[in-house]
Each structure stands twice: as structure tokens, then as C-alpha cells.
Amino acid sequence: QVQLVESGGGLVQAGGFLRLSCVASGSILNMNVMAWYRQAPGKQLELVAAIRRAGSTNYADSVKVRFTIGRDSAKNTVYLQMNSLKPEDTAVYYCAAQPIGTLTTYWGQGTQVTVSS
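A brief structural summary. On a predicted model such as this, the values are computed, not experimentally measured, just so you know. (Residues numbered from 1 in each chain as written. Predicted model: local features only at pLDDT ≥ 70, side-chain atom pairs only at ≥ 80, totals over all residues. Heavy atoms only, no water.)

## Considerations on the packing of aromatic side chains
Here is step 1: Under the definition given, this model contains one aromatic pair.
Here is step 2: Looking at Arg19, its charged tip hangs above the ring of Tyr79, at a distance of 3.9 Å from the centre. (Phe/Tyr/Trp six-rings, centres within 6.5 Å; stacked < 30°, edge-to-face > 60°. Lys NZ or Arg CZ within 6 Å of the ring centre and 35° of its normal.)

Laid out in C-alpha cells, this is it:
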């Protein structure tokens, strides 16, 4: 069982920035992949960014250049640095983790990000 706790969401003006954090209950080096997803009202869940155990990353086209996913294995934490925020980035952001050797994905409770125009 993996527990994930997100923090860092809030209200920000367009053009601003936020940094989301996701703290895992165990070592993130035991995760095959960790990712950030988001869901805006009335829209489907969307993959925002992912980082694999070896360190490779991928991003949704809509956030490339503006968002950066990173990790601190000593703190069992994955970050999402979000710059140049736009109103369309408004959503609930979820952290997800898939442990090595499993097909199970664990989810955090989500953190709200609201970008005002």
C-alpha cells in the first residue's frame, strides 16, 4: 500500500507560478513511474507529466516548457513546478504512483489549482 499526499495548490493569477509536492509513504525509488494528472470540471482526467525510475520524463503538449517534474528521493517527494500558468490549467491535480513489479496505480487525494485571468 502506497499513500500519497499532495500539497501546494491554490489560487494564482495568470502568468504566475505554483509548485506542487507529492510525498510518498515509501521510497519513490521503488516506483516504476510517478506522475501528475489533472481533471478540470467536465473534462476527462489528463496526464500532465511523468517521471520514470531511471529519470526520464514526459509531458502533455499543453504544458511542455512551462511545467517541470522533478523528484527528491531523500524526501520521497515528487514535485511539479508550474510556470506561466494559464486559466486553462485550472483543475484538480492528482499525484499517482505505480510500484515496480505491479500494475497497481496509487492516487493521492488531489489538490486544487485555480488560475484567474
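## What to know about empty space enclosed by the protein
Here is step 1: Evaluation of the coordinates by the stated rule reveals one cavity of 30 Å³ or more.
Here is step 2: Roughly 40 Å³ of internal volume is contained in the largest cavity.
Here is step 3: Taken together, Ile28, Met31, Val33, Met34, Ile51, Arg52, Arg53, Arg71 and Val78 make up the lining of the largest cavity.
Here is step 4: Sorting the residues of the lining of the largest cavity by element identifies β4 (31-39) and β5 (46-52) as the ones contributing at least two each.
Here is step 5: Ranked by residue count, the leading element in the lining of the largest cavity is β4, at three residues.
Here is step 6: Looking at the lining of the largest cavity residue by residue, the classes come out as six nonpolar, no polar and three charged. (1 Å grid on protein atoms, 1.4 Å probe; cavity = no way out; pocket = protein on both sides within 12 Å on 5 of 7 lines; lining within 4 Å. Points joined across faces, edges and corners; volume = space filled by probe spheres on them. Helix = DSSP H or I, 4+ residues; strand = E, 2+ residues; numbered from the N terminus. Nonpolar A, V, L, I, M, F, W, Y, C, P; charged D, E, K, R; others polar.)

## A look at the layout of surface pockets
Here is step 1: Taken as a whole, the largest pocket holds about 180 Å³ of empty space.
Here is step 2: Around the largest pocket sit 13 residues that line it, and Arg38, Lys43, Glu46, Ser62 and Glu88 are the ones nearest its centre.
Here is step 3: Residue composition of the lining of the largest pocket, by class: two nonpolar, four polar and seven charged.

## Observations regarding the sheet that holds strand β3 (residues 18-24)
Here is step 1: Strand order in the open sheet made by the four strands is β1-β3-β8-β7, with antiparallel pairing throughout. On the outer flanks of this sheet lie β1 (4-7) and β7 (67-72), each paired with one strand and no other. For this sheet, the mean angle separating the axes of adjacent strands, direction not counted, is 15°. (Pairing = 2+ DSSP bridges. Axes fitted to C-alpha atoms, helices over the stretch in contact; angles between N-to-C directions.)

## Here's the deal with the side chain of Glu6
Here is step 1: Relative to the assigned elements, Glu6 resides in strand β1.
Here is step 2: Of the buried charged residues, Glu6 lacks a salt bridge, with Arg38 as the closest side chain of opposite charge at 13 Å.
Here is step 3: There is a polar contact of 2.9 Å between the side chain of Glu6 and the backbone nitrogen of Gln109.
Here is step 4: At 2.9 Å, the side chain of Glu6 forms a polar contact with the backbone nitrogen of Gly110.
Here is step 5: Once you skip the residues sitting within four places of it in the chain, Glu6 turns out to touch Ser21, Cys22, Trp36, Tyr93, Tyr94, Cys95, Gly108, Gln109, Gly110 and Thr111. (Buried < 20%, exposed > 50% of the residue type's maximum accessible area, 1.4 Å probe, protein only. Lys, Arg positive; Asp, Glu negative; His and termini not counted. Salt bridge = Lys/Arg side-chain N within 4 Å of Asp/Glu carboxyl O. Polar contact = N/O pair within 3.5 Å; in protein donor to acceptor, adjacent residues only side chain to side chain. Contact = heavy atoms within 4.5 Å.)

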